[in-house]
Amino acid sequence: MRKDNQKMLKIALGILFLSIVLVVIYKVYSLKLSVEDIKNYVIGFDKIGALVYILMFSLVPLTLFPDSVLAIAGGLIFGLFKGYIYTTIGALIGGTISFYISRYWGREMVKKLTKEKLDKVEAMINNRGFIIIFLLRLIPLFPFDVISYGAGLTSVKYKDFLLATLFGTIPGILVFTNLGAQSVNVGSNRFYISIALLILLFIASIFLKNKFISREIKNDIN
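Just so you know, these numbers come straight off a predicted model, no measurement behind them.

A. Structural detail: the overall build of the chain. Helix and strand counts for the chain stand at ten helices and zero strands. Of the regular secondary structure in the chain, the N- to C-terminal order runs α-α-α-α-α-α-α-α-α-α. Per-residue burial over the chain gives 43% buried out of 222 residues. Put simply, of all contacts in the chain between residues at least 6 apart along the chain, 78% involve residues at least 24 apart. Per element, the accessible surface of the chain, about 12600 Å² overall, is 66% carbon and sulfur.

Take a look at the structure:
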């Protein structure tokens with residue numbers, strides 16, 4: 001009887017959580033936020049603007065809002081150093097939320113939150129844990145949230161997931177926040193360097209995806 005009650009409670013909480021997520025997603029996409037919109041919104045909170053920004057980044061997994069846009073806004077608002085710190089904190093919190101949503105509510109809940117196929121990501125992480133999460137984090141072409149949800153479905157330890165996320169996101173967060181920080185200096189050498197770094201990041205991402213990740217997928221299938 002107690003198990004039945006716990007199951008019903010879990011289902012009820014899942015439905016409530018999903019309803020909240022759907023409302024949040026609708027609100028975010030109906031606003032059609034741009035980098036400038038995010039900047040004005042965060043600045044409007046004055047002294048607690050950094051906290052609001054971190055909270056926004058933490059909730060990205062629930063909205064599927066492009067985290068790169070938010071990271072660029074972070075650089076624009078706070079500059080490279082603070083923007084990187086705040087974005088990293090938000091990314092770790094957001095990744096943790098996704099990880100534990102998968103771990104406690106399972107695949108069916110994750111399917112409702114994302115339309116991405118998790119099978120390949122899940123298989124790679126299950127077999128090689130830390131190193132695969134680290135490599136996937138280095139590749140912006142792989143959606144941040146899908147990696148987090150996929151990791152939660154595997155047996156990987158949370159500590160390994162967190163450390164791989166922390167170190168793997170360093171290049172991407174630095175490039176996007178730097179782009180935002182230099183966007184106030186359009187036409188300067190620093191701005192063009194930030195664009196060049198963004199292009200280099202995507203070239204490196206494509207190389208890693210084609211040379212390593214694709215090979216790992218084939219190995220897992222075979």
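B. Summary view of the environment of I132. Position of I132 relative to the elements: it lies in helix α6 (residues 119-137). Its relative accessible area of 0% is what places I132 among the buried residues. For the pair I132 and A164, spaced 32 residues apart in the sequence, the C-alpha separation amounts to 8.5 Å.

C. Quick look at a nonpolar patch on the surface. A grouping of Y41, F45, I48 and L51 is seen on the molecular surface, where their side chains present a nonpolar patch of about 410 Å² in accessible area. What makes I48 partly exposed here is its relative accessible area of 46%.

D. Looking closely at the nonpolar core. Within the largest apolar cluster, 23 residues are counted, with the highest numbers of intra-cluster contacts made by I38, Y53, F57, L70 and F176. Counting residues per element, the ones that place at least two in this core are α2 (35-43), α3 (49-58), α5 (67-113), α9 (170-182) and α10 (189-221). The element best represented in this core is α5, accounting for eight residues. Ignoring sequence-local partners within four residues, the contact set of F57 consists of D67, L70, A71, T87, G90, A91 and G94. The next biggest cluster of nonpolar side chains, apart from the first, holds 13 residues, and it includes I132, L136, F142 and A151.

E. Quick peek at the environment of S194. Position of S194 relative to the elements: it lies in helix α10. The spacing of S194 and V175 is 19 residues in sequence and 6.9 Å in space, taken between C-alpha atoms. With sequence-adjacent residues up to four places away left out, S194 is seen in contact with N178, L179 and Q182. Among the polar contacts made by the side chain of S194, one reaches the main-chain carbonyl oxygen of F191 at a distance of 2.5 Å.

F. Structural context of unusual backbone geometry. For D46, which is not a glycine, the phi torsion comes out positive at approximately 55 degrees. Secondary-structure assignment places D46 in the loop between α2 and α3. On the accessibility criterion, D46 (61% relative accessible area) is exposed.

G. Here's a closer look at the packing of α2 against α3. It is the contact of α2 with α3, at a shortest axis distance of 8 Å, that shows an interaxial angle of 135 degrees. Relative to α3, the element α2 lies oblique. The segment α2 lies against α3, with I38, Y41 and V42 engaging G49, V52, Y53 and M56. Looking at the contact of α2 with α3, its residues break down into six nonpolar, one polar and no charged.

H. Fine view of the side chain of S102. Looking at where S102 falls in the secondary structure, it is placed in helix α5. Taking the relative accessible area as the measure of exposure, S102 reaches 2% and is therefore buried. From its side chain, S102 meets the backbone oxygen of Y149 in a polar contact 2.7 Å long.

I. Quick peek at the packing of aromatic side chains. Overall, the coordinates contain 13 aromatic pairs when judged by the stated rule. When the ring of Y41 is compared with that of F45, the centres are 5.1 Å apart and the planes differ by 70 degrees; the resulting orientation is edge-to-face. With relative accessibility at 46%, the residue Y41 sits in the partly exposed group. F45 sits in the partly exposed class, given a relative accessible area of 33%. With 5.6 Å between their ring centres and 55 degrees between their planes, F99 and Y158 make a pair best called tilted. With a gap of 59 residues between them, F99 in helix α5 and Y158 in helix α8 (residues 158-168) connect regions that are remote in the sequence. Note on F99: relative accessible area 0%, which makes it buried. These aromatic residues form a ring-pair network of at least three members: F99, Y100, Y104, Y158 and F161. Between R137 and the ring centre of F144, over which it is positioned, the NZ or CZ distance is 3.9 Å.

Calculation rules
- Residues numbered from 1 in each chain as written.
- Predicted model: local features only at pLDDT ≥ 70, side-chain atom pairs only at ≥ 80, totals over all residues.
- Heavy atoms only, no water.
- Helix = DSSP H or I, 4+ residues; strand = E, 2+ residues; numbered from the N terminus.
- Buried < 20%, exposed > 50% of the residue type's maximum accessible area, 1.4 Å probe, protein only.
- Contact = heavy atoms within 4.5 Å.
- Areas by Shrake-Rupley, 256 points an atom, 1.4 Å probe, with all protein chains shown as cover.
- Patch = residues over 30% accessible without salt bridge, like charges linked within 9 Å, V, L, I, M, F, W, Y side chains within 5 Å.
- Salt bridge = Lys/Arg side-chain N within 4 Å of Asp/Glu carboxyl O.
- Core = buried A, V, L, I, M, F, W, Y, C linked by side-chain atoms within 4.5 Å.
- Polar contact = N/O pair within 3.5 Å; in protein donor to acceptor, adjacent residues only side chain to side chain.
- Axes fitted to C-alpha atoms, helices over the stretch in contact; angles between N-to-C directions.
- Parallel < 35°, antiparallel > 145°, perpendicular 65-115°, else oblique.
- Nonpolar A, V, L, I, M, F, W, Y, C, P; charged D, E, K, R; others polar.
- Phe/Tyr/Trp six-rings, centres within 6.5 Å; stacked < 30°, edge-to-face > 60°.
- Lys NZ or Arg CZ within 6 Å of the ring centre and 35° of its normal.

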